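# Descriptive analysis of the structure
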Amino acid sequence: QVQLVESGGGLVQPGGSLRLSCAASGSIYRINDMGWYRQAPGKQREQVANIISGGTTNYADSVKGRFTISRDNAKNMVYLQMNSLKLEDTAVYYCHINLYKEYDLRPSDAWGQGTLVTVSS
């Protein structure tokens, strides 16, 4: 069993900032990719950013220059610093990891329960 717990969502005004955190725990042998997805009302889930084990990052075009993803491998945590937030950033944000579990040679995926980010004036 692997658990992901997100925190840091909330209500913020346009132009404001929030920092999301995600802690992974459980039967983890090694985490490969870590990332954030989001789903706005009536829209499909989309990838926001990801960071591979070596530190390389990728961002959706819509958040480049505003969001920064980082990870702490020692703590099995991933963060998303969100600056200059816009109304269209309103969504439920989900943490995602690709990992190897203990005693399992097959890579698998795990998801958090989601945290709501609301950007509103």
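For the structure, check the block above.
Here's a quick rundown of the structure. (Residues numbered from 1 in each chain as written. Predicted model: local features only at pLDDT ≥ 70, side-chain atom pairs only at ≥ 80, totals over all residues. Heavy atoms only, no water.)

## Some details on the state of the cysteines
Going by this rule: The disulfide definition used here is simple: a pair of cysteine sulfur atoms within 2.5 Å. A run of H or I in DSSP counts as a helix once it spans at least four residues, and a run of E counts as a strand once it spans at least two, with each numbered from the N terminus. To sort residues, take the accessible area from a 1.4 Å probe on protein chains only and compare it with the maximum for the residue type: under 20% means buried, over 50% means exposed, and anything in between is partly exposed.
Taken as a whole and judged by the stated rule, the model has 1 disulfide. Between Cys22 and Cys95 runs a disulfide, and the two sulfur atoms are separated by 2.1 Å. An S-S torsion of about -85° defines the bridge between Cys22 and Cys95 as left-handed. With Cys22 in strand E3 (residues 18-26) and Cys95 in strand E9 (residues 91-101), this pair connects stretches of sequence that are 73 residues apart. Exposure remark for Cys22: the relative accessible area of 1% places this residue in the buried category. Owing to a relative accessible area of 0%, Cys95 belongs among the buried residues under this scheme.

## Describing the sheet that holds strand E8 (residues 77-82)
Rule in force here: At least two bridges found by DSSP between two strands are what make those strands a pair. Working convention: axes come from line fits to C-alpha atoms, limited for helices to the stretch in contact. Angles between N-to-C directions cover 0 to 180 degrees.
Spatially, E1-E3-E8-E7 is the arrangement adopted by the 4 strands of the open sheet, whose pairing is antiparallel. Every interior strand has two partners, whereas the edge strands, strand E1 (2-7) and strand E7 (67-72), have only one. Going across the sheet, the axis of each strand differs from the next one's by a mean of 15°, ignoring polarity.

## Overview of the side chain of Arg38
For the record, the criterion: N or O atoms closer than or at 3.5 Å make up a polar contact, with two conditions inside protein: a donor-capable atom paired with an acceptor-capable one, and, for residues adjacent in sequence, both atoms drawn from side chains. Two residues form a contact once any of their heavy atoms are found within 4.5 Å.
Tracing the backbone shows Arg38 in strand E4 (residues 28-39). By relative accessible area, Arg38 is classed as buried at 5%. There is a polar contact of 2.7 Å between the side chain of Arg38 and the side chain of Glu46. Polar side-chain contacts of Arg38 include one of 2.9 Å to the side chain of Tyr93. Discounting chain neighbours no more than four positions away, the residues touching Arg38 are Gln44, Arg45, Glu46, Val48, Ser62, Val63, Phe67, Glu88, Asp89, Ala91, Val92 and Tyr93.

## Some thoughts on the nonpolar core
As a reminder of what qualifies: Throughout, nonpolar core names a set of buried Ala, Val, Leu, Ile, Met, Phe, Trp, Tyr and Cys residues whose side chains join them through atoms within 4.5 Å.
In terms of nonpolar packing, the biggest core is built from 31 residues, with Trp36, Leu80, Met82, Tyr93 and Ile97 touching the most fellow members. Elements with a contribution of two residues or more to this core: E1, E3, E4, strand E5 (46-51), E7, E8, E9 and strand E11 (115-119). Ranked by residue count, the leading element in this core is E9, at 5 residues. Ignoring sequence-local partners within four residues, the contact set of Tyr93 consists of Glu6, Leu20, Trp36, Tyr37, Arg38, Val48, Phe67, Leu80, Met82, Gly114, Thr115 and Val117.

## A closer look at the packing of aromatic side chains
Under the convention used in this document: Classification of ring pairs uses Phe, Tyr and Trp, with its six-membered ring standing for Trp, and accepts pairs whose centres are within 6.5 Å; under 30 degrees between planes counts as stacked, over 60 as edge-to-face, and the remaining range as tilted. When the NZ atom of lysine or the CZ atom of arginine is within 6 Å of a ring's centre and also within 35 degrees of its normal, the charge is said to sit over that ring.
Counted according to the given criterion, the structure contains 1 aromatic pair. Positioned above the aromatic ring of Tyr79 is the side chain of Arg19, whose terminal nitrogen or guanidinium carbon lies 4.1 Å from the ring centre. When the ring centre of Tyr94 is taken as origin, the NZ or CZ atom of Arg45, which lies over that ring, is 3.7 Å away.

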